[in-house]
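An overview of the molecular structure
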2 protein chains.
Amino acid sequence: MASNHENSNIPDIVIGRLPIYLRALNRLSSEGYEITSSHELGQRLGISSAQIRKDLSHFGGFGKQGTGYQIEFLQDKLRKVLHVDREWEVALVGMGDLGKAIAHYKGFADRGFHISACFDSAPDKVGKKIAGFVVQPLSELITVVSERNIQLAMIAVPAEHAQSVANLLVEAGVHGILNYAPINLTVPPHMQVQYIDPVVGLQRMTYYFDE
Amino acid sequence: MASNHENSNIPDIVIGRLPIYLRALNRLSSEGYEITSSHELGQRLGISSAQIRKDLSHFGGFGKQGTGYQIEFLQDKLRKVLHVDREWEVALVGMGDLGKAIAHYKGFADRGFHISACFDSAPDKVGKKIAGFVVQPLSELITVVSERNIQLAMIAVPAEHAQSVANLLVEAGVHGILNYAPINLTVPPHMQVQYIDPVVGLQRMTYYFDE
DNA sequence: AACTGTGAAGTTTTTCACAGCC
DNA sequence: GGCTGTGAAAAACTTCACAGTT
């Protein structure tokens, strides 16, 4: 009977899978399904059905015995759990090729993230409009981010500048950084950091290749 | 005494950390260091020193008691383990904003990956040169990839086309896919797949945010 | 009949702690 | 004194298997 939603601390590894579940539900939903099961989800994701049920059970009973899970209902619940039942403002630092591509990427808005400020240190970029954003100078970062109470940032600067940008972001009061630079950041313990490094992904695969 | 390098099967989770270690070593090296320790590496990465020692011990004794690890030596060893002591050819499918950004990204070549063919289905892109690559039609994918014996591919097409592109790649004989589309792929068990989804990274952080 | 939610069992992963070496 | 490599212990995570519900 006792379940430990609300207060207790859920393992990070469980939290890490929830966005994957949510993404799969979005897909099922767009394919026109209204109901699914832990078995069906598991098949699609290559995860055991027991694991999915156990993961979800941390937050309460979202399913119906004999039936499965109502997709829309479960999406709502997961969005609430992940705090993406609202829109988050995100700052983007670095407007080189990578930053530009991020600025153009349409996939953020659909899923609750809104780029609301862009920064670069290069004088020839500052003031220009890229993907509809006016590029602001790095010197404005602390003011803009703290005034607007922006909590998330993406770092798309060269590796050698990533740590100093991270330091600025910490000072500005950001709580989470998505780091595209291929380098590990050192940040205070209250900060969240996630890494996007395609080369790490590639290297994780070549290990399994024979030749 | 017995150590199980060569034959035995190393946990995936250990393999997954090796590229992170390699990246940290690259960094230390570029900062001019020649020697490091499991403690120093662990501090930088937020990983315990014992874990780093145990991970490395799967492949043999790379360190020296009392001294630590010679950085260049360890880099070489990890590159061999991960099979990145050579260059890998990679196919890129999808030349929209994202594909273009990937094509322009300089970070692959330094670390052993070379984009050697680009594909798109849009007739207005085929034949054009983007970032030095001539875009080829999707209909050529199987021929080009299998003839050149390309083993790795990156998918940068919209979510709704990602699965059919993956099917083509499997047919063409690719063994690993780095998928930038926000969707899970279903592939035969011998295939490796890694995902790049920045929104998943963001959602993994907002869970920990209060407001 | 089908499926969830969950204790208990089983497995994997991490940490401890120390012998051995530089 | 400082550090690695590693068995043994501890912790974390996953799977099993089934009672309970629709």
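Here, the structure is the one placed above.
Residues numbered from 1 in each chain as written. Chains lettered and ligands numbered in written order. Predicted model: local features only at pLDDT ≥ 70, side-chain atom pairs only at ≥ 80, totals over all residues. Heavy atoms only, no water.

What follows is about the overall build of chain A. When helices and strands are tallied, chain A shows 9 helices and 9 strands. Its C-alpha atoms give chain A principal-axis dimensions of roughly 65 × 50 × 35 Å. Burial status across chain A gives 50% buried among its 211 residues. Intrachain contacts of chain A at a sequence separation of at least 6 include 56% that bridge at least 24 residues. Computed over 19 positive and 22 negative side-chain charges, the inter-centroid distance for chain A is 5 Å. (Helix = DSSP H or I, 4+ residues; strand = E, 2+ residues; numbered from the N terminus. Buried < 20%, exposed > 50% of the residue type's maximum accessible area, 1.4 Å probe, protein only. Contact = heavy atoms within 4.5 Å. Lys, Arg positive; Asp, Glu negative; His and termini not counted. Charge placed at Lys NZ, Arg CZ, Asp CG, Glu CD.)

Next up on the list: the sheet that holds strand S6 (residues 133-137) of chain A. Sheet strands pair via backbone hydrogen bonds, and the direction of the pair is either parallel or antiparallel. Residues and elements named next belong to chain A. Here 7 strands make up an open sheet; going across it, the order is S5-S6-S4-S3-S7-S8-S9 and the pairing mixed. Each having just a single partner strand, strand S5 (129-130) and strand S9 (192-195) make up the two edges of the open sheet. Sitting on the sheet, helix H8 (residues 159-172) touches strand S3 (88-93), strand S7 (152-155) and strand S8 (176-179), and the angle it makes with S7 is about 170 degrees. (Pairing = 2+ DSSP bridges. Axes fitted to C-alpha atoms, helices over the stretch in contact; angles between N-to-C directions.)

What follows is about the interface of chain B and chain A. Contacts between the two partners involve 58 residues from chain B and, on the opposite side, 58 residues from chain A. Interface area, chain B with chain A, both sides summed: about 5900 Å², of which 63% is carbon and sulfur. Considering only the surface of chain B that becomes buried against chain A, B:Arg23, B:Tyr207 and B:Phe209 emerge as the three largest contributors, covering 12% of it. At the boundary of chain B and chain A, one finds 4 salt bridges. Close ionic contact of A:Arg23 with B:Asp197 constitutes a salt bridge, the shortest N to O distance being 3.0 Å. Contributions of two or more residues to the side of chain B that touches chain A are made by helix H1 (12-30), helix H2 (38-45), helix H5 (97-104), helix H6 (107-110), helix H8 (159-172), strand S8 (176-179), strand S9 (192-195) and helix H9 (198-206) of chain B. Partitioned by chemical class, the residues of the side of chain B that touches chain A number 32 nonpolar, 15 polar and 11 charged. (Buried area = accessible area lost by both parts, 1.4 Å probe. Salt bridge = Lys/Arg side-chain N within 4 Å of Asp/Glu carboxyl O. Nonpolar A, V, L, I, M, F, W, Y, C, P; charged D, E, K, R; others polar.)

Residues and elements named next belong to chain A. A positive phi angle, near 55 degrees, is found at Ala131, a position not held by glycine. Structurally, the position occupied by Ala131 is in the loop between S5 and S6. Exposure remark for Ala131: the relative accessible area of 33% places this residue in the partly exposed category.

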